[in-house]
Amino acid sequence: MRIVAMIEREIIHTTPASKRIFDVLQDVLQFFLLSVRILLELFVTLVQAFLPKPQKDVSGEIILITGTGHGIGRELALHYASLGSTVVCVDIDEKNNLQTVQKAKRLDLGEVYSYSCDVSKRDEVMALADRVKTEVGHVSVLVNNVGIMPTHPILQQSDEEIKRVFDVNVFSQFWTIQAFLSHMQEKNRGHIICLSSIAGLVGISNLVPYCATKFAVRGLMESLHAELREGPYRDLIKTTTIFPYMTNTGLCKHPKVKFPSILGLLDPKQVARRIVEAHRSDLMEVTIPSCLLHINNWTRLLPDHCGLMLKDFIDSGVDSDLI
């Protein structure tokens, strides 16, 4: 380093062209060192893949989950309650949400609360955030699970349907993040978990608006992660994006599965368990099953027609619900 400093001092007193050459060489050296570090990190990651992952304790965390009236949201509420977390259940369907709360309370391990809210409406979400802070406390974990999925061709999707799927699947996540991120900032810790979908990695017919919303969630979370990394909350507020395969929650009315023994519909309990594991392991992106993220990344390296050949072979998706 002393030699480099001496050379740099000499270059400063020479021509501008020489200075530019030195800057380029310095950038090349830094890139080389960065490449070595990345390879070392990759090696460590590969080794760790075969070792049990340490999972952080979530008992005592105040975890707010949207869409807890049924399906994955309900299973998440039960799973977190079983770990001793304080669970805040939020759903527009008050009756089903109360059923979830009653089931969670029977575990008698953590406090459970029920709130009715249309999370697609910003004013309701902001009012909810104030109520929760007063009645429960600062939310430390936000799980954006709510979603709807109209399944028919684009020309048969009404303008109301398209607007509604964006309101519920995308804008609700903006509103909840804006409402509850401040809770985490005040405590200098937190975790935001958002559910995208395999349909947020791969385009699927009969799901054009739905796919667009799930791709949007991926962009939202990736840019939110970048913003948090570059600010004062780096390593204090975590993000996790989940990409589940088709799950047996009732949203997939007419699933099309070529290999049911390998890629059959997932059980909501299994999906909820994997989401909680990803949260407790501080993973940034997770597909369920986990192999699909690697398959997608690898396929994107292929020429377009090769990727489409593989997609045609797998031949999974959903048929129109108007049939």
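Anything mentioned here points back to the structure above.
Owing to the predicted nature of the structure, the values given are computational and were not obtained by experimental measurement. (Residues numbered from 1 in each chain as written. Predicted model: local features only at pLDDT ≥ 70, side-chain atom pairs only at ≥ 80, totals over all residues. Heavy atoms only, no water.)

Undergrad: So, the overall build of the protein: which residues are in play, and what are the values?
TA: The secondary structure content of the protein amounts to eleven helices and nine strands. Counting only C-alpha atoms and orienting by the principal axes, one finds that the protein spans roughly 75 × 50 × 45 Å. Per-residue burial over the protein gives 41% buried out of 323 residues. Looking at the protein alone, contacts between residues at least 24 apart form 70% of all its contacts between residues at least 6 apart. Between the averaged position of the 34 positive side-chain charges in the protein and that of its 36 negative side-chain charges there is a distance of 4 Å. (Helix = DSSP H or I, 4+ residues; strand = E, 2+ residues; numbered from the N terminus. Buried < 20%, exposed > 50% of the residue type's maximum accessible area, 1.4 Å probe, protein only. Contact = heavy atoms within 4.5 Å. Lys, Arg positive; Asp, Glu negative; His and termini not counted. Charge placed at Lys NZ, Arg CZ, Asp CG, Glu CD.)

Undergrad: Tell me about helix α10 (residues 291-299), residues and numbers included.
TA: Among the residues making up α10, those that are buried are Leu-292, Leu-293, Asn-296 and Thr-299. Buried residues of α10, viewed axially, fall in a sector of 135 degrees; they line one side. Of the surrounding secondary structure, the elements contacted by the buried residues of α10 are α8 (260-263), β8 (285-288) and α11 (304-314). (Arc of directions from axis to C-beta.)

Undergrad: Describe in detail the environment of Lys-133, supporting the description with residues and values.
TA: As for its placement among the helices and strands, Lys-133 is situated in helix α5 (residues 122-135). Those residues in contact with Lys-133 that sit more than four places away from it in its chain are His-138, His-183 and Glu-186. For Lys-133, the side chain forms a polar contact with the side chain of Glu-186, separated by 3.3 Å. (Polar contact = N/O pair within 3.5 Å; in protein donor to acceptor, adjacent residues only side chain to side chain.)

Undergrad: Tell me about the packing of helix α3 (residues 71-82) against helix α4 (residues 94-106), and name the residues and values.
TA: Think of two packed helices as two axes; the pair is described by the angle between the axes and how far apart they sit. Taken N-terminus to C-terminus, the directions of α3 and α4 make an angle of 25 degrees; their axes are 9 Å apart at the nearest point. For the element pair α3 / α4, the angle class is roughly parallel. Between α3 and α4 lies a crossing whose hand is right-handed. When α3 is examined against α4, the residues Arg-74, Ala-77, Leu-78 and Ala-81 are found in contact with a partner set consisting of Asn-96, Gln-99, Thr-100, Lys-103 and Ala-104. Residue composition of the contact of α3 with α4, by class: four nonpolar, three polar and two charged. (Axes fitted to C-alpha atoms, helices over the stretch in contact; angles between N-to-C directions. Parallel < 35°, antiparallel > 145°, perpendicular 65-115°, else oblique. Left-handed = near helix turned anticlockwise from the far one by under 90°. Nonpolar A, V, L, I, M, F, W, Y, C, P; charged D, E, K, R; others polar.)

Undergrad: Before we move on, could you go through the pattern of salt bridges and cite the residues and values that matter?
TA: In total, this model carries nine salt bridges according to the counting rule given. Put simply, Lys-121 and Asp-118 hold a salt bridge, and the shortest N to O gap is 4.0 Å. Residue classification places Asp-118 among the buried residues on the basis of a relative accessible area of 10%. Its salt-bridge partner being Arg-131, residue Glu-135 comes within 3.4 Å of it at the nearest N-O pair. Within this pair, Glu-135 and its partner Arg-131 are both found in helix α5, separated by four residues, close to a single helical turn. Residue class for Glu-135 comes out partly exposed when judged on its relative accessible area of 43%. Taken together, the shared-partner salt bridges in this structure form one network comprising Asp-118, Lys-121 and Arg-164. (Salt bridge = Lys/Arg side-chain N within 4 Å of Asp/Glu carboxyl O.)

Undergrad: How would you sum up the pairing of strand β3 (residues 112-116)? Please name residues and give values.
TA: Bridge analysis of strand β2 (residues 86-91) against β3 gives five bridges, and the strand direction is parallel. Across the sheet, the residue bridging to Val-87 is Val-112, located in β3. Chirality of the crossover, the property in question, places the unit of β2, α4 and β3 among those that are right-handed. (Pairing = 2+ DSSP bridges. Right-handed = clockwise from strand over helix to strand, strands pointing away.)

Undergrad: Go over the nonpolar core with me, naming the residues and quoting the values.
TA: Counting residues in hydrophobic clusters, the biggest one holds 43 residues, and the most contacted among them are Ile-65, Leu-76, Tyr-80, Val-87, Val-143, Ile-242 and Ile-275. Considering each element in turn, this core owes the most residues, six residues, to α3. Not counting residues up to four positions away in its chain, the partners in contact with Ile-275 are Ile-72, Leu-76, Ile-193, Leu-195, Ile-242 and Ile-288. Of all hydrophobic cores here, the second largest spans 31 residues; its members include Val-125, Val-132, Ile-177 and Ile-237. (Core = buried A, V, L, I, M, F, W, Y, C linked by side-chain atoms within 4.5 Å.)

By themselves, these figures tell us nothing about what the structure is for.
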